[in-house]
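# Coordinates in review
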Amino acid sequence: MKFAIESEDLISIACSYRALGETYASLSNEGRAVQNFKLSIEYFERADDEIGKREVEKMLEEN
């Protein structure tokens, strides 16, 4: 996450938040999972990546 933020690469940041969301979901920490999925969606929107956004929205619905 640190390197993604330092690079200011919106897609890398979105993917990092998505990975954190998946990790928290696997640990049954729903609150943190949702928080990170929402941040991921926000960054995918900023990057105009509709495919990435939809994928995370689907993960959020399943959580």
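Scroll up to find the structure this text is about.
Only a predicted model underlies this, so the values are computations on that prediction, with no experimental measurement involved.

Parameters at a glance
The numbers attached to residues start from 1 for each chain and follow its sequence in the written order. Given that this is a predicted model, residues contribute local features only at a pLDDT of at least 70 and side-chain atom pairs are listed and counted only at 80 or more, while totals for whole chains, interfaces and linings are drawn from all residues. Only hydrogens and water are set aside when side-chain values are computed; all heavy atoms of the structure are taken into account. Here a pair means two rings of Phe, Tyr or Trp (six-membered ring of Trp) with centres within 6.5 Å. Their orientation is stacked below 30 degrees between planes, edge-to-face above 60, and tilted elsewhere. Comment: elements are numbered from the N terminus, with helices defined as DSSP H or I runs of at least four residues and strands as E runs of at least two. Accessibility here uses a 1.4 Å probe with only protein chains present; expressed as a share of the type maximum, an area under 20% marks a residue as buried, one over 50% as exposed, and anything in between as partly exposed. Look at NZ for Lys and CZ for Arg. If either is within 6 Å of the ring centre and within 35 degrees of the ring normal, a charge sits over the ring. Without a salt bridge and with relative accessible area above 30%, a residue can belong to a patch; like charges are then joined within 9 Å and nonpolar side chains (Val, Leu, Ile, Met, Phe, Trp, Tyr) within 5 Å. Methods summary: accessible areas were calculated by the Shrake-Rupley approach with a probe of 1.4 Å, and residue burial reflects only the protein chains presented. Whenever a carboxyl oxygen of Asp or Glu lies within 4 Å of a side-chain nitrogen of Lys or Arg, that contact is scored as a salt bridge.

What the rule picks out here adds up to one aromatic pair. Look at Tyr-17 and Tyr-43: their rings are 5.8 Å apart centre to centre, the planes differ by 20 degrees, and that puts the pair in the stacked class. With Tyr-17 in helix 2 (residues 10–26) and Tyr-43 in helix 3 (residues 30–46), this pair connects stretches of sequence that are 26 residues apart. Assessed through its relative accessible area of 15%, Tyr-17 is described here as buried. Seen from the ring of Tyr-43, Arg-46 lies directly overhead, with NZ or CZ sitting 4.5 Å from the centre.

Another aspect to go through is the environment of Ser-12. By the element assignment, Ser-12 lies in helix 2. Taking the C-alpha atoms as reference points, Ser-12 and Met-1, separated by eleven residues in sequence, lie 8.2 Å from one another.

To continue, consider a nonpolar patch on the surface. Taken together, the side chains of Met-1, Ile-5 and Leu-20 make up a nonpolar region of the molecular surface, amounting to roughly 220 Å² of accessible area. Residue placement: Ile-5 occurs in helix 1 (residues 2–7). The partly exposed category is assigned to Ile-5, whose relative accessible area is 44%.

Distances and angles like these do not, on their own, reveal function.
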